[in-house]
Amino acid sequence: GQQLNQSPQSMFIQEGEDVSMNCTSSSIFNTWLWYKQDPGEGPVLLIALYKAGELTSNGRLTAQFGITRKDSFLNISASIPSDVGIYFCAGPVINYGGSQGNLIFGKGTKLSVKP
Amino acid sequence: EPEVTQTPSHQVTQMGQEVILRCVPISNHLYFYWYRQILGQKVEFLVSFYNNEISEKSEIFDDQFSVERPDGSNFTLKIRSTKLEDSAMYFCASHRLAGDTDTQYFGPGTRLTVL
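Let us look at the structure shown here. Keep in mind that this is a model prediction, so the values were computed, not measured. (Residues numbered from 1 in each chain as written. Chains lettered and ligands numbered in written order. Predicted model: local features only at pLDDT ≥ 70, side-chain atom pairs only at ≥ 80, totals over all residues. Heavy atoms only, no water.)

The subject of this paragraph is the pattern of salt bridges. Under the counting rule described, the total for this entry stands at three salt bridges over all chains. The salt bridge partner of Asp83 of chain A is Arg60 of chain A, with a shortest N-O separation of 2.8 Å. Residue Asp83 of chain A is located in the loop between β8 (71–76) and β9 (85–94), and its partner Arg60 of chain A is located in the loop between β6 (55–58) and β7 (61–65); the two are separated by 23 residues in the primary sequence. Residue classification places Asp83 of chain A among the buried positions, given a relative accessible area of 5%. Looking at Arg60 of chain A, the relative accessible area reads 28%, which means it is partly exposed. A salt bridge links Glu44 of chain B to Arg36 of chain B, with the shortest nitrogen-to-oxygen separation between them at 3.3 Å. (Salt bridge = Lys/Arg side-chain N within 4 Å of Asp/Glu carboxyl O. Helix = DSSP H or I, 4+ residues; strand = E, 2+ residues; numbered from the N terminus. Buried < 20%, exposed > 50% of the residue type's maximum accessible area, 1.4 Å probe, protein only.)

Residue and element names in this part refer to chain A. On the basis of which strands lie adjacent, the open sheet formed by five strands has the order β1-β3-β8-β7-β6 and antiparallel pairing. Two strands lie at the open edges of the sheet, namely β1 (4–7) and β6, each paired on one side alone. Geometrically, the sheet is characterised by an average inter-axis angle of 15 degrees between neighbouring strands, direction not taken into account. Strand direction decides the pairing type here: β6 and β7, joined by four bridges, are antiparallel. The residue of β7 that forms the bridge with Ser57 is Thr62. (Pairing = 2+ DSSP bridges. Axes fitted to C-alpha atoms, helices over the stretch in contact; angles between N-to-C directions.)

Residue and element names in this part refer to chain A. Only one face of β7 is buried, namely the one carrying Leu61, Ala63 and Phe65, since none of Thr62 and Gln64 on the opposite face is buried. As paired strands, β7 and β8 are joined by five bridges and run antiparallel to one another. The residue of β8 that forms the bridge with Gln64 is Phe73. The loop that links β7 with its antiparallel partner β8 comprises five residues; one of these, Arg69, has a positive phi angle of about 65 degrees.

Listed below in structure tokens is the structure:
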């Protein structure tokens, strides 16, 4: 089945630094999603990407949908302490017939920011 | 802003006991999901539900699991005879339109601990 491989597994950075993480798949996705999960909370959608090659920003966050539709990256610029959390890439499963179904998630990148 | 709510926030139970996890999706949403996240691992799809019936289910969702929408607001996940390996965070999610699988709203989760 479809799987998402996310890297790095964890990052420990200094406040103010830029961060980059990525997600790859052996199969095509029509939509790429990036979620953030704070401790004890559910995932919150940060950015949704719908077109191959699309580059989308949300404040200090920028994400791109790879041209092959098999990868995506998320960048965070000028990190701050509240960026701490786990970042997941996700995408809807493509059902037989082409409709989108449930989400599958990568294993997450745990971000720690040192003030 | 409307949100998905879940109760309880933490459930502790003995192995072999039945548990019911409750969710109140956003009021005008029609598609409902349960996901689980074992500590330190990725979020995994369990089941989707639409029009009072299961749409899709994963291999995790075996005969010990069931879902129900007993009234117009609640969406429940029942585990009939809990096992130690059922210990996890359980997230409910919902969206309104068929094409909105990429914008699922997640609840804060219920932490299930099976002793």
